[in-house]
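# Survey of secondary and tertiary structure
Below are the chains, spelled out letter by letter.
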Amino acid sequence: MMFNRFSSKTNRPKAGKEGNPMRSIRVYSAALIAVVLSLTAVACGSSSSSSSDGVGDVPATQSLTGKSGGTLTVLASDDVDYIDPGAAYYQFTFMVTSATQRSLYSFGPDDAVDPVPDLATKAADISADGKTVTVKIKPNVKFSPPVNRAVTSEDVKYGIERAFLPTVANGYAEVYLGDIVGVKDFTDGKAKEITGIDTPDATTIVLNLSRGTGGVAAGALALPISAPVPQEYAAKFDAKNPSTYGVHQVATGPYMIEADSKGALTGYEPGKKINLVRNPNWDRSTDFRKAYLDKINIEEGNNDTTVAARQIIKGNDQVNGDFGPPPAVLKEIFNSTPDQLALTPSGGNRYVSLNTALSPFDNLNVRKAVLAVFDREAMRATRGGPLMGPIANHFIAPDIGGFEEAGGLAGTGVDFLKYPKGNLALAKEYMKKGGFPSGMYTGSEELLMVGTSGGAAQKAAELAATQFEKLGFKPKLRLVTQDTMYTKFCGEPKAKVIVCPNVGWLKDFSDPQTMLDATFNGESIVASGGFNSNWPQLNVPSINAAMAKAELIVDESARNKAWADIDRQITAQAPAVPWIWDDTANIRSTDVAGVINKFNGNWDLAFTSLK
Amino acid sequence: MIRYILRRLIWVVVLLFAVSFVTFVIFYLLPSADPAVLRAGRQANPALVASIRHQLGLDQPWYVQYGRYMKDLIFHFDFGFSYQNGMPVRQLIFSRLPASISLAAGAAFLWLVIGIGVGIIAAVRPRTKLDRASMGLALVGISAPVYWLGLVALYLFSSDIGLIPILPGANSYVPLSEDPFSWFTSLIMPWCVLAVSFAAFYSRLLRGNLTEVLGEDYIRTARAKGLSERRVVFRHGLRSAITPIVTIFGLDLGILLGGAILTETVFNIPGIGRLSYSSIVRSDLPVIQGTVLLGAFFIVFANLFVDIFYAFLDPRVRYE
Amino acid sequence: MSALLTVNDLKVSFNTEDGIVHAVEGISYEVEPGKTLGIVGESGSGKTVGTLTIMGLTRAANTQISGQAIFDGEDLLSASERHMRAIRGDEIAMIFQDPLSSLHPFFTIGAQLVEAIQVHNKVSKTAARTRSADLLTMVGLSDAEQRLSSYPHEFSGGMRQRVMIAMALANEPRLLIADEPTTALDVTVQAQILELIADLQAQTGTAMIIITHDLGVVAEVADEIAVMYAGRIVEQASATELFANPQHPYTRGLLDSIPRLDRDRSIGLDPIAGRPPSLIAPPSGCAFHPRCPRAFDRCSVELPPLEAAAAGSEHLVACLLSPEERIEKR
């Protein structure tokens, strides 16, 4: 059977809010699966950092006024990860939940760093020891039908509790809120509720933590896990395995997924559609959202993103959902109708990782030789060339703290990353230093490379293989699906993969730690199970120690400086060939007054309107 | 005949068992993504993965998992839940069946009418320009990749991105129950695109068969009786020439009911084909199992119907 | 008595990818009402093509036909296809060699008989069925009513040929063309079928052309015999005359190859050596000369005309040998 031309999609990771720079390092793999799901992606565009004319760039402050009414169509290639807001954790899903669910805190369109109170009345009150977080909620927010009653703090409590139920299987609750007292007893089934969550009255909720991680916990309250769920209605659905609350969910936001009178969703069919309609119980006066649109139809399954992108550009009332326009279409849009394009830095990089734990790349000079010889310009061309973003010269991405401090676009200054097209003579020098007098690799074993089949990823993998051949290596390229590549090969040290040509990382939020910790911290290596994200298995004690220190720095500039320094140290170790910092491109029909949610990196449905 | 059908039905069941078993084994033997790790999400940690693995029953030996699956399937007609979105597989499949059936049935009608029509015209006028032109065109039709054809059709005729915007394009499918007229117009292009290669193939096949049959002695007998050429071709010739087509048609239809992946994809029709494709990409075993079983079901039943129908068409088969 | 069918200088050739096939190269004969003409020859001698052409069944873009076939005062070769359809199966009917392949395998005997009747007669299906049953009884099949619902493959070869005969006689044709009617049958059945044909012909008074490669067959039924070789008639005479006094070396060869009870089995048959000639590039002169045991120089150069074997005789032969030489024993 042939599966040709399935174009790529972007399923960028959702950034978790940085609540406190000292937050747990356990967020390490936050971006892993997101990247896993997105590497066929064409998250691309002219980087805001590189396109001096700013064509297509989203302005710092967007106009938030619009006309009420109308139906917006969102074209998507795939489904949300989980329709259940308690399990949702992808950018595209958050696009939906941010319009249907009111968590305690939420992100306005223009501020990707600081959330604003949503269900909460004001910022969270964190005790001095960081062990108690208190939030007051608005008394007059109501659930959509069939529940129809006002939200209380009990509902927020249940929303958090159910996230810990195995039938819901929330992927981040444990990481951000695992320190709440009583979580273990609850997840083990020994307690019926989480004792550490207090609701002294209907509008107050208190989180009691066993450690001083209140900052992290408060940060997580800007995720849908803190959206209220009515227990008397939801419990029967949560008792099912898996929970069916997702397809019976009630909303608190301006929109709800279309449902029948009993609350069963009629507007959701996995892989087909998600239809949002106005929530009749939503009170505009309690919300910062504008909610101009009357109806939003998300139409999934548009696997041919070239066709879908053209439909959006030529048609009416449409925006993209989980995919970016493919390179060729993007160039066209960039050149002819750039006003329909919205470019935002993705905060991500792509690199070819070298397994530093195994021969031959346990040899630093051999690694440097590889970096020196790589034609990274050709690598970038596989994704569409300069328009898709600048060539990466180190690992922290543009617009993330520490980027400039680490050397900015120019790089950290190492000679082996000085030549975007590669430098064979320099590479041979390093090979000689590495113990290969001819300047060429003389070992006879094959290099196991595991890449992603299909599309731009396969092109990049195949090109990467030829780069190794320049120095006499014998790469043996194996192409598998992206999920398989990560979970069975590159994320599994036992698989002994030497080169992973299709890996990359996206920020969780605008903090350099989220770029480097999970990917290059030797302490982060997961020896087996298929979810290691330190693909080069870089384990340099001095770097590990520097990270442990830097995690505890509170002052932002000092923190950025420390992580920039770590970036320099990592780059000097040449664990991987960085080759692009790419951007996210969103597109809209001409009659759509689109507003981008910068935190989420895609259209904000609660602010977008029709002209 | 009844006994024959019963015997065949038993075989169908055995075959479906075998198919489900092989799918299961392949899934476990070949490296594919670990569903538990995928489901664990971005914040995967060993404890969470282990607990999900337990929830999904993936910590059991494969034969226990298979046994459990078959038990649910046989006793409750329960295909399990998608690892990906937690939805019941049965519901996923049944909600997509109408689209696949609409697509396959409409296209089948088209390609039968066109394929048989062109085949007859070419066969009764052998070696004429009309014959050569239609058979040449058919060869092109057979070779044209469906996906490419679909894109060409979209860029030519779709109302949003086409040069001659006359037909609803990709993503316009509407269920028959919602709006019959839109259902029909939205499927015109997919039907045509899907039918092209089949029509081409059938016309060539029928031309070959019919040419051969028209040289048979019993056709000479029919002519010697004084029958009109029309009656000779349609009643005597076609009756024989169509029989092999019935076999192939049954199988083709069976396969397509199991999902026309490329056509469904290029036109974004929410059918079984796309469901099975996305489930394979995501290592969503329960959905893979469900769609594979459904496909196998259609194919073996198509086979059975073909064989039974064949007996009605060809009296010689009945007595063997 | 005037002839029912008069064939005059009939020529038929086909354009094929390999070249022009000269199937019939100018044959003439007459068939009188109630009489039987036997046409004898090897396969490829043009005997079948000639009669199919008279029926209008060889008309095609790649076929050239010339000459005349006057049936009942009307030239069939120039008649419209529509008119020919009215004649076929009604005025002139055919019986073919292989009754299994000549009956449609998917239709019942009844359906095929009814169709043959209804195409020329405006009668109800019931009436046609009754008539069909009568016909089956007439050709000697018992349980005719039930047989109508049977399919050809349920019958034996002889029974199938009886069905073919019934079908041919359905509309009481004035001319019956039987093309190798017994070749595909068992020897024992052959005689029965020939007898049946002869009986029915006697009953109905129909004229008949019987085509065969087997002189033994025509010996029993034919009044007149024409021997064909490579598209031409090489000898023609009344049956008694031909058997008593064969003139052409080819005819003699055919006669020698008939199994006969009065011959020693151990000698075996004496088939004519060599293969039938190519019809695309036939041998020069007399087409038979490469195989003729009596050929001499002129045979490869000169085409012998079909003329009276002796002055005033109705026995025609096309051979360059002198009348004396022809009857000499080898």
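Residues numbered from 1 in each chain as written. Chains lettered and ligands numbered in written order. Predicted model: local features only at pLDDT ≥ 70, side-chain atom pairs only at ≥ 80, totals over all residues.

We now examine the overall build of chain A. Of the regular secondary structure elements, chain A holds 17 helices and 23 strands. In terms of overall dimensions, chain A is globule-like: its C-alpha atoms have a radius of gyration of 24 Å, near the 25 Å expected for 611 residues. When burial is assessed residue by residue, chain A has 62% of its 611 residues classed as buried. Sequence-distant contacts in chain A: of pairs separated by 6 or more residues, those separated by 24 or more amount to 74%. (Helix = DSSP H or I, 4+ residues; strand = E, 2+ residues; numbered from the N terminus. Rg over C-alpha atoms; globule rule 2.2 N^0.38 Å. Buried ≥ 20, exposed ≤ 12 C-beta atoms within 10 Å, placed from the backbone. Contact = placed C-beta atoms within 7 Å.)

Each helix and strand counted, chain C has 12 helices and 12 strands in total. The C-alpha radius of gyration of chain C comes to 21 Å, within 12% of the 20 Å expected for a compact globule of 330 residues. Dimensions of chain C, computed from C-alpha atoms along their principal axes, come out at roughly 65 × 50 × 45 Å. Here chain C holds 330 residues, and the buried ones make up 46% of them. Residue pairs in contact within chain C that sit at least 24 positions apart in sequence constitute 64% of those at least 6 positions apart.

With that out of the way, let us pick up the interface of chain C and chain B. Taken together, the contact pairs 22 residues of chain C with 18 residues of chain B. Among the elements of the structure, helix H2 (81–87), helix H3 (99–102) and helix H4 (109–118) of chain C are those that each provide at least two residues to the side of chain C that touches chain B.

With 90% of its residues at a pLDDT of at least 70, chain A reaches an overall mean of 85. With pLDDT under 50 throughout, residues 1–52 of chain A is counted as low confidence; its partners more than four residues away or in other chains account for 214 contacts. (pLDDT = per-residue confidence, 0-100.)

All names here are of chain C. Counting through the fold element by element, Val-40 comes out in strand E3 (residues 36–40). When the C-alpha atoms of Val-40 and Ala-226 are compared, they prove to be 6.1 Å apart, with 186 residues separating the residues in sequence. Excluding anything up to four places from it in sequence, Val-40 contacts Thr-212, His-213, Leu-215, Val-218, Ile-225, Val-227, Met-228 and Leu-254.

Before going further, it helps to spend a moment on helix H9 (residues 217–224) of chain B. Counting buried positions along H9 of chain B gives seven out of eight residues, so the element sits mostly inside the fold. Within H9 of chain B, burial applies to Tyr-218, Ile-219, Arg-220, Thr-221, Ala-222, Arg-223 and Ala-224 of chain B. In this structure, the buried side of H9 of chain B is in contact with helix H8 (180–214) and helix H10 (229–257) of chain B together with strand E6 (92–95) and H3 of chain C. A positive phi of about 95° marks Gly-226 of chain B, the residue just after H9 of chain B.

Residues and elements named next belong to chain C. Within the secondary structure, Leu-320 is located in the loop between strand E12 (316–317) and helix H12 (323–327). The buried category is assigned to Leu-320, around which 21 C-beta atoms lie within 10 Å. Sequence separation between Leu-320 and Glu-115 is 205 residues; the distance between their C-alpha atoms is 50 Å. In this view, Leu-320 contacts Cys-286, Arg-298, Cys-299, Glu-302 and Pro-304; residues no more than four positions away in its chain are not counted.

Turning to the arrangement of the chains, a few remarks are in order. Ranking the two pairs of chains in contact by contact count places chains A and B at the top. Contact between chain A and chain C is absent, and the minimum C-alpha spacing across the pair is 38 Å.

A common way to express how large an interface is: the accessible area buried when the components associate. Taken domain by domain, chain C holds domain 1 (5–91 + 174–189 + 205–327) and domain 2 (100–172). Between the C-alpha centres of domain 1 of chain C and domain 2 of chain C the distance comes to 30 Å. (Domains from an automatic or database assignment.)

Right, let's get into the packing of helix H5 (residues 89–124) of chain B against H8 of chain B. Residue and element names in this part refer to chain B. Direction vectors running N to C along H5 and H8 enclose 35°, while the axes themselves pass 5 Å from each other. Relative to H8, the crossing made by H5 is right-handed. Class assignment for the residues of the contact of H5 with H8 results in 23 nonpolar, six polar and one charged. (Axes fitted to C-alpha atoms, helices over the stretch in contact; angles between N-to-C directions. Left-handed = near helix turned anticlockwise from the far one by under 90°. Nonpolar A, V, L, I, M, F, W, Y, C, P; charged D, E, K, R; others polar.)

This part covers the sheet that holds strand E1 (residues 5–16) of chain C. All names here are of chain C. The four strands are arranged E2-E1-E4-E5 in an open sheet whose pairing can be described as antiparallel. Because the sheet does not close on itself, it has two edges, and the strands there are strand E2 (19–31) and strand E5 (74–75). Two elements, strand E4 (residues 63–71) and E5, share two bridges in a ladder whose sense is antiparallel. Looking at E5, one finds that Ile-70 is bridged to Asp-75. The strands touched by helix H1 (residues 47–54) within the sheet are E1, E2 and E4, with E1 carrying the most contacts at an inclination of about 110°. (Pairing = 2+ DSSP bridges.)

Turning our eyes to something else, we now look at the confidence of the model for chain C. Residues and elements named next belong to chain C. On average, residues of chain C score 88 in pLDDT, and 95% of them reach the 70 mark or higher. Below a pLDDT of 50 lies the segment residues 265–269, which in the model reaches two contacts outside its immediate sequence neighbourhood of four places, other chains included. Quick note on the complex model: pTM equals 0.78, ipTM equals 0.85.

The next subject is the domain arrangement of chain A. According to the domain assignment, chain A contains domain 1 (79–298) and domain 2 (348–581). Taken over C-alpha atoms, the centre of domain 1 of chain A sits 37 Å from the centre of domain 2 of chain A.

Another aspect to go through is the pairing of strand E11 (residues 295–299) of chain A. Pairing of strand E1 (residues 71–75) of chain A with E11 of chain A involves five bridges; the strand directions are parallel. If you follow Leu-75 of chain A over to E11 of chain A, its bridge partner there is Glu-299 of chain A.

Here we come to the sheet that holds E6 of chain C. All names here are of chain C. Judged by pairing direction, the sheet is mixed, and its eight strands sit side by side in the order E6-E7-E8-E3-E9-E10-E12-E11 without closing on themselves. Two strands close off the open sheet at either side, each with one partner strand: E6 and strand E11 (307–308). Examined bridge by bridge, strand E9 (residues 224–229) and strand E10 (residues 232–238) share six bridges and lie antiparallel to one another. Within E10, the position partnered with Tyr-229 by the bridge is Arg-232. The strands touched by helix H7 (residues 157–169) are E6 and strand E7 (175–179); relative to E6, the strand with the most contacts, the crossing angle is about 175°.

Cis geometry marks the peptide bond from Pro-145 of chain A to Pro-146 of chain A; its omega dihedral reads 5°. Among the secondary structure elements, Pro-146 of chain A is positioned in the loop between strand E5 (132–136) and helix H3 (153–163). A cis amide bond, omega 5°, links Ser-359 of chain A with the succeeding residue Pro-360 of chain A. For Asp-9 of chain C, which is not glycine, the phi dihedral falls at a positive 45°. Inspection of the secondary structure puts Asp-9 of chain C in strand E1. Asp-9 of chain C gets classed as exposed once you count the C-beta atoms within 10 Å, which come to 12.

Core analysis: the biggest nonpolar cluster contains 346 residues, and Val-370 and Ile-396 of chain A, Ala-195 of chain B together with Ala-166 and Val-227 of chain C have the highest contact counts within it. Sequence-distant contacts of Val-370 of chain A, that is, excluding residues within four places in its chain, are made with Leu-354, Phe-468, Leu-471 and Val-577 of chain A. Within the second largest apolar cluster, six residues are counted, among which are Tyr-158, Val-229, Ala-234 and Phe-237 of chain A. (Core = buried A, V, L, I, M, F, W, Y, C linked by C-beta atoms within 7 Å.)

Residue and element names in this part refer to chain A. Examined against the element boundaries, Phe-531 turns out to sit in the loop between helix H15 (513–520) and helix H16 (541–550). For Phe-531, a count of 26 C-beta atoms within 10 Å gives the class buried. As for Phe-531 and Tyr-486, which are separated by 45 residues in sequence, their C-alpha atoms are 7.4 Å apart.

Note: α-helices contain 3.6 residues per turn, so residues at a spacing of three or four share the same orientation. The first and last C-alpha atoms of H5 of chain B sit 50 Å apart over 36 residues, in line with the 52 Å expected at 1.5 Å per residue. Of all the bends in H5 of chain B, the greatest reaches close to 35° and is centred on Leu-97 of chain B; the proline Pro-98 of chain B follows between one and four positions later. (Expected span 1.5 Å × (residues − 1). Bend = angle between axes of the 7 residues up to and from the residue.)

Looking now at the packing of H10 of chain B against helix H13 (residues 285–313) of chain B. Residue and element names in this part refer to chain B. Where H10 contacts H13, the two axes come as close as 8 Å, and the packing angle between them is 160°. With respect to their mutual orientation, H10 and H13 come out roughly antiparallel. As for how H10 packs across H13, the hand of that crossing is right-handed. For the pair formed by H10 and H13, the contact residues are Thr-243, Val-246, Thr-247, Gly-250, Leu-251, Leu-253, Gly-254, Ile-255 and Leu-257 on the first element and Phe-298, Ile-299, Phe-301, Ala-302, Asn-303, Phe-305, Val-306, Phe-309, Tyr-310 and Leu-313 on the second. Its residues assigned to classes, the contact of H10 with H13 comprises 14 nonpolar, five polar and no charged. (Parallel < 35°, antiparallel > 145°, perpendicular 65-115°, else oblique.)

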